[in-house]
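# Fold and contact review
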Number of protein chains: 2
Amino acid sequence: MKLALLGCGTVGSEVVRLMRTRGEELAARVGEPVEIVGIAVRRIDRDRSHLPVDESLFTTDALGLVKRDDVDIVVEVAGGIEPARTWILTALGQGKSVVTANKALLAEDGPALAAAAKDGGADLYYEASAAAAIPLMRPLRESLHGDKINRVLGIVNGTTNFICTAMSTKGTSFEEALAEATDLGYAEADPTADVDNYDAAAKAALIASLAFHTHVDLKDVYREPLRGISATDIASAAAEGRVVKPLCIATREADGVSVRVHPAMIPATHPLANVNGAYNAVFVEAESAGRLMFYGAGAGGTETASAVLGDIVAVARNKRGGITAFPPEAAYSDLPVKPIGEARTRYHVSLDVVDEPGVLARVAATFAHHGVSLATVHQSGRGDDAQLVVVTHTAADKQLSDTVKELTQLTSVHQVTSVMRVEGE
Amino acid sequence: MKLALLGCGTVGSEVVRLMRTRGEELAARVGEPVEIVGIAVRRIDRDRSHLPVDESLFTTDALGLVKRDDVDIVVEVAGGIEPARTWILTALGQGKSVVTANKALLAEDGPALAAAAKDGGADLYYEASAAAAIPLMRPLRESLHGDKINRVLGIVNGTTNFICTAMSTKGTSFEEALAEATDLGYAEADPTADVDNYDAAAKAALIASLAFHTHVDLKDVYREPLRGISATDIASAAAEGRVVKPLCIATREADGVSVRVHPAMIPATHPLANVNGAYNAVFVEAESAGRLMFYGAGAGGTETASAVLGDIVAVARNKRGGITAFPPEAAYSDLPVKPIGEARTRYHVSLDVVDEPGVLARVAATFAHHGVSLATVHQSGRGDDAQLVVVTHTAADKQLSDTVKELTQLTSVHQVTSVMRVEGE
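An unreviewed UniProt entry lists chain A under the name Homoserine dehydrogenase, from Glycomyces harbinensis. On record in UniProt, under Function (unreviewed entry), the comment for chain A is "Catalyzes the conversion of L-aspartate-beta-semialdehyde (L-Asa) to L-homoserine (L-Hse), the third step in the biosynthesis of threonine and methionine from aspartate." The record held by UniProt for chain A lists under Sequence similarities (unreviewed entry) the comment "Belongs to the homoserine dehydrogenase family."

Facing 46 residues of chain B, the contacting portion of chain A comprises 46 residues. For the pair chain B and chain A, the summed buried area comes to about 4100 Å², and 52% of that belongs to carbon and sulfur atoms. Counting the contacts that link chain B with chain A gives four salt bridges. In this structure, Glu287 of chain A and Arg22 of chain B form a salt bridge, with 3.4 Å as the shortest nitrogen-oxygen distance. The tally of links between chain B and chain A comes to ten residue pairs in polar contact (both at pLDDT 80 or more). Elements with a minimum of two residues in the side of chain B that touches chain A: helix H2 (23-30), helix H6 (137-143), strand E11 (279-286), strand E12 (290-297) and helix H12 (301-321) of chain B. Top contributing element to the side of chain B that touches chain A by residue count: H12 of chain B, with eight residues.

Take the domain arrangement of chain A next. All names here are of chain A. In terms of domain boundaries, chain A breaks down into domain 1 (2-132 + 301-320), domain 2 (138-297) and domain 3 (341-422). Domain 2 and domain 3 are separated by 25 Å when their C-alpha centres are compared. Listed as interface residues are 17 residues of domain 2 and, on the opposing side, 16 residues of domain 3. Across the domain 2 to domain 3 interface the summed buried area is about 1300 Å²; carbon plus sulfur atoms make up 51%.

What follows concerns the UniProt feature "binding site: L-homoserine" (unreviewed entry) in chain A. Residue and element names in this part refer to chain A. Mapped onto this structure's residue numbering, the UniProt feature "binding site: L-homoserine" (unreviewed entry) falls at Glu188. For Glu188, the position within the fold is in the loop between helix H8 (174-183) and helix H9 (192-195). On the accessibility criterion, Glu188 (55% relative accessible area) is exposed. Look past the residues within four positions of Glu188 in its chain and what remains in contact with it is Thr182 and Asp194.

Superposition record for chain B on chain A: RMSD 0.0 Å, screw rotation 180°, translation along axis 0.0 Å. The symmetry that links the two subunits is that of a two-fold axis. Considering only C-alpha atoms, the part of chain B nearest the rotation axis is Phe294 of chain B, at 2.4 Å. Of the residues that chain B buries at the interface, 100% are likewise interface residues in chain A, meaning the two copies contact each other through the same surface.

Residues and elements named next belong to chain B. Within the open sheet, the six strands sit side by side as E3-E2-E1-E4-E5-E6. Their pairing is parallel. Every other strand in the sheet has two partners, leaving strand E3 (58-59) and strand E6 (124-125) as the edge strands with one partner each. Two strands pair when backbone bridges link them, and strand E1 (residues 2-6) and strand E2 (residues 35-40) are joined in this way by five bridges, in the parallel orientation. Bridged to Leu3 within E2 is Ile36. The strands that helix H1 (residues 10-21) touches are E1 and E2; relative to E1, the one it contacts most, it runs at about 155°.

So, about the UniProt feature "binding site: NADP(+)" (unreviewed entry) in chain A. Residues and elements named next belong to chain A. Cross-referencing UniProt, the feature "binding site: NADP(+)" (unreviewed entry) maps to Leu6, Gly7, Cys8, Gly9, Thr10, Val11, Gly12 and Ser13 in the present numbering. With respect to the helices, strands and loops of the structure, Leu6 is situated in strand E1 (residues 2-6). Judged by its relative accessible area of 0%, Leu6 falls in the buried class. In this structure Leu6 touches Ala40, Ala62, Leu65, Val66, Val74, Val75, Glu76, Val77, Ala78 and Trp87, once residues within four positions along its chain are discounted. For Thr10, the position within the fold is in helix H1 (residues 10-21). Thr10 sits in the exposed class, given a relative accessible area of 61%.

This paragraph deals with the packing of aromatic side chains. Scanning the entire structure with this criterion turns up five aromatic pairs over all chains. When the ring of Phe162 of chain A is compared with that of Tyr186 of chain A, the centres are 5.0 Å apart and the planes differ by 45°; the resulting orientation is tilted. Note that Phe162 of chain A is positioned in helix H7 (residues 158-170) and Tyr186 of chain A in the loop between H8 and H9, a separation of 24 residues in sequence. Sitting above the plane of the Phe58 of chain A ring, Arg48 of chain A keeps its charged end 5.3 Å from the centroid. Over the ring of Tyr198 of chain B we find Arg223 of chain B; its NZ or CZ atom is 4.0 Å from the centre of that ring.

This next bit is on the environment of Leu65 of chain B. All names here are of chain B. Looking at the secondary structure, you find Leu65 in helix H3 (residues 62-67). As for Leu65 and Gly38, which are separated by 27 residues in sequence, their C-alpha atoms are 6.7 Å apart. Among residues more than four places away in sequence, those in contact with Leu65 are Ala4, Leu5, Leu6, Gly38, Ile39, Ala40, Thr59 and Val71.

Our focus in this paragraph is the pattern of salt bridges. In total, this model carries 52 salt bridges over all chains according to the counting rule given. Between Asp147 of chain B and Arg22 of chain A there is a salt bridge whose closest N-O contact spans 3.6 Å. Note that Asp147 of chain B is positioned in the loop between H6 and strand E7 (149-155) and Arg22 of chain A in the loop between H1 and helix H2 (23-30), a pairing that runs across two chains. Taking relative accessible area as the criterion, Asp147 of chain B reaches 1% and is therefore assigned buried. Bridged by salt links that share partners, the residues Glu240, Arg242, Arg346 and Glu425 of chain A form one connected network.

Quick look at the packing of helix H13 (residues 359-369) of chain A against helix H14 (residues 397-407) of chain A now. Any two packed helices are characterised by the angle at which their axes cross and by the distance between the axes. All names here are of chain A. Where H13 contacts H14, the two axes come as close as 9 Å, and the packing angle between them is 145°. In this structure, the crossing between H13 and H14 has a hand that is right-handed. Counting all contacts with H13, which are made through Val363, Thr366, Phe367 and His369, the residues of H14 involved are Thr403, Glu406 and Leu407. Looking at side-chain class alone, the contact of H13 with H14 contains three nonpolar, three polar and one charged residues.

The subject of this paragraph is the environment of Ala117 of chain A. As for its placement among the helices and strands, Ala117 of chain A is situated in helix H5 (residues 103-120). Judged by its relative accessible area of 1%, Ala117 of chain A is buried.

Residues and elements named next belong to chain B. Asp233, Ile234, Ser236 and Ala237 are the residues of helix H11 (residues 231-239) that are buried. Summarising the axial view, the buried residues of H11 lie within an arc of 165°, below the 170-degree limit, and thus occupy one face. Looking at H11, the residues exposed on the side facing more than 90 degrees away from the buried face are Ala231, Ala238 and Ala239. Each element contacted by the buried residues of H11 is listed here: helix H7 (158-170), strand E9 (242-253), strand E10 (256-267), strand E13 (344-353), strand E15 (387-392) and strand E17 (413-422).

With that settled, the discussion passes to unusual backbone geometry. All names here are of chain A. Cis geometry is found at the peptide bond from Glu82 to Pro83, where omega equals 5°. Residue placement: Pro83 occurs in the loop between strand E4 (73-76) and helix H4 (84-93). A positive phi angle is found at Asn197, which is not glycine, with a value near 70°. Position of Asn197 among the secondary structure elements: in the loop between H9 and helix H10 (198-212). Looking at Asn197, the relative accessible area reads 2%, which means it is buried. Located in the positive-phi region is His213, a residue other than glycine, with phi close to 55°. Note on placement: His213 falls in the loop between H10 and strand E8 (222-223).

Quick look at the pairing of strand E10 (residues 256-267) of chain A now. Residues and elements named next belong to chain A. Of all twelve residues in E10, twelve are buried; the element is thus mostly enclosed. Judged by which residues are buried, E10 turns out to be covered on both faces: Gly256, Ser258, Arg260, His262, Ala264 and Ile266 on one side and Val257, Val259, Val261, Pro263, Met265 and Pro267 on the other are all buried. Alignment of E8 against E10, held across two bridges, turns out to be parallel. Bridge pairing in E10 places Tyr222 opposite Arg260. The pairing of strand E9 (residues 242-253) with E10 spans twelve bridges and is antiparallel. Within E10, the residue paired with Val243 across the bridge is Ile266. Where E9 hands over to E10, the hairpin turn is made up of two residues, counted between the paired strands. The pairing of E10 with strand E17 (residues 413-422) spans two bridges and is parallel.

Cut-offs and rules
- Residues numbered from 1 in each chain as written.
- Chains lettered and ligands numbered in written order.
- Predicted model: local features only at pLDDT ≥ 70, side-chain atom pairs only at ≥ 80, totals over all residues.
- Heavy atoms only, no water.
- UniProt positions renumbered as here; feature names shortened; annotations may be inferred.
- Contact = heavy atoms within 4.5 Å.
- Buried area = accessible area lost by both parts, 1.4 Å probe.
- Salt bridge = Lys/Arg side-chain N within 4 Å of Asp/Glu carboxyl O.
- Polar contact = N/O pair within 3.5 Å; in protein donor to acceptor, adjacent residues only side chain to side chain.
- Helix = DSSP H or I, 4+ residues; strand = E, 2+ residues; numbered from the N terminus.
- Domains from an automatic or database assignment.
- Buried < 20%, exposed > 50% of the residue type's maximum accessible area, 1.4 Å probe, protein only.
- Least-squares fit on C-alpha atoms with pLDDT ≥ 70 in both.
- Pairing = 2+ DSSP bridges.
- Axes fitted to C-alpha atoms, helices over the stretch in contact; angles between N-to-C directions.
- Phe/Tyr/Trp six-rings, centres within 6.5 Å; stacked < 30°, edge-to-face > 60°.
- Lys NZ or Arg CZ within 6 Å of the ring centre and 35° of its normal.
- Left-handed = near helix turned anticlockwise from the far one by under 90°.
- Nonpolar A, V, L, I, M, F, W, Y, C, P; charged D, E, K, R; others polar.
- Arc of directions from axis to C-beta.

Here you go:
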């Protein structure tokens, strides 16, 4: 069984290393040895003498490598949209199975890739594309396909979870926590993809597509950055027995699905509340299976390579059997993705208010005016320190955001200090 | 696609119900409808009018049903060793794929069933056999097969976890907690299989076999009952920042594997420590993937039926493609299972001691005499109330048990009040 590796960065190097150190076990699991016959890199002149492969394997001609007659499996860990898309489409078109960790490409162009796999009679596996080593795609695709998934709540980005954990447990500010994440190598030099939730949004699109058997496009995922989180949010959550987490939320509604990524409060007793540091977890609510959670490292070269290797074994076994396993995306449901305004959720709102009689009544009336009913109201402080914390019952997101807009205009309200959705209750 | 259902108790009825209510979705996932053509029951005269199937489907001739020419898939949810074994072997021998939840049979006779599946060119799937709806078997069999699993720690029995949780959080005695579990329907009228850990031992054998790619027989699993747990154990654990959990522990050692089920202490910060009530979870340490956890309901008719349905879809798809997916047990490693005496672990020992100088020295010398080094020693109380709590470093189980035996004979020791293994640190 012959394999072409496209990309030799953190993940690719680790794939090379693991295929060497676990060669015998891999061969036992596949039924024959799997050999790397070429490694496409961008710069050929880099020193790669630490890798346990012959230097002659390296090439800058990725497309030529993909097209080689002796290649059975293509592993793409280069990332980015192009030329990765061309490589993958070419491989699938030639009936070569593809293993990829490229969540950006899958989120942008999943249906086209799935169609190419189907047409080419090839496998397209991408366990490593979300939540790294956590077996998540396979259970969603296979184990739960006798069930009906109604909701997925996930912590799918290690950097933002590290930041939320540090803010909650050590009381650091967002900026301090981000600096620490950068120092420890969790956050990239440019942390935009993580802290502005682009990374999580791509993963949410993939997860929701599999969970609901429908295609969810990246542009249909509602996204709010993490940057806005303040110490007030964290403290306000803690006072009510909740914690702030960077969530990806995908729900099946009566007339469609809703997919969003934003910071949110969850109960401190929720299984996700104890998922700390750079760890990831995905919590699934299925009609029959009930509440499930998958937990593990969500990033890291070795962890991602482990998921890639699992996929390599799977597609290699399928190849040997002359079969493809599953359609890469079973998008037969074709459910509409609802706009954020129609998402059903709850809000936690903290307000600095004027200390005078009737303030609570006016605030409550504003919520009522938009048809939002209140779950709890806590009033505290006196004078300049007077505060209200309101937690609503479930309502449409638009009702809630309209309410907050009107609250900011009340003369009795100095400031809306924190607005955050409440999930998982 | 035609299916024979063997057994129509809690799980079987739920399979019938789900196949009816989700018929359309199942057909979409499989690619064609899956129809139940017969249901084998022990007593034909029972009222089953609440089930959405024609009464003519019921039969007491299970073997005849299995052998019918039009049956493609056999689903066995009757349980027990015989006649279930004969039914399954017959089905596999005729090339019919089998889905089963029968952990007792799999633990007792796994290799023979796997061989029959291979010889018959049929699938044998058993996701529901351990941890019900939690996708565990599939990730162990497939997602992680590019990795090397070094350790599995699991809470795999809901009844005993419910009991430990009640004892820890409400301070109830073992007997009270068991009575509550029985009242709530978690424990059977005869709770022996649960509280004496027979159920967990069977699951441990299955999990270890898949995790280490070797056959672990039920008789090779070291088993201690839960019954011995006392309020002293719970309090002693809590005082040291630990909780008592009913664990299944499977470890890869230098020269074999070790598989055991017994109550144990784990750190309160361990992900398994927050798995409470009747929930189950399995924590996996893999060389590359790192620490993973799978969490969910470990029992229940609907939850188990969900796992069965997932397997039905998988084997039906394979059938349609004319293929079998994976060898049911890839036991190519053939590792020896080590006796409990050679298992490497740590002990937490509480002692009532005589309040006189030199007691600690004598106790410490006893540990040293058996080559066991101490991690922490806490001395508390005076007079009749003098107590020592010792936590050891890792040593062979035999060294530890020999130490405890000798401790009970010291004149300075009134009583060894609690001995429990410490895991997950």
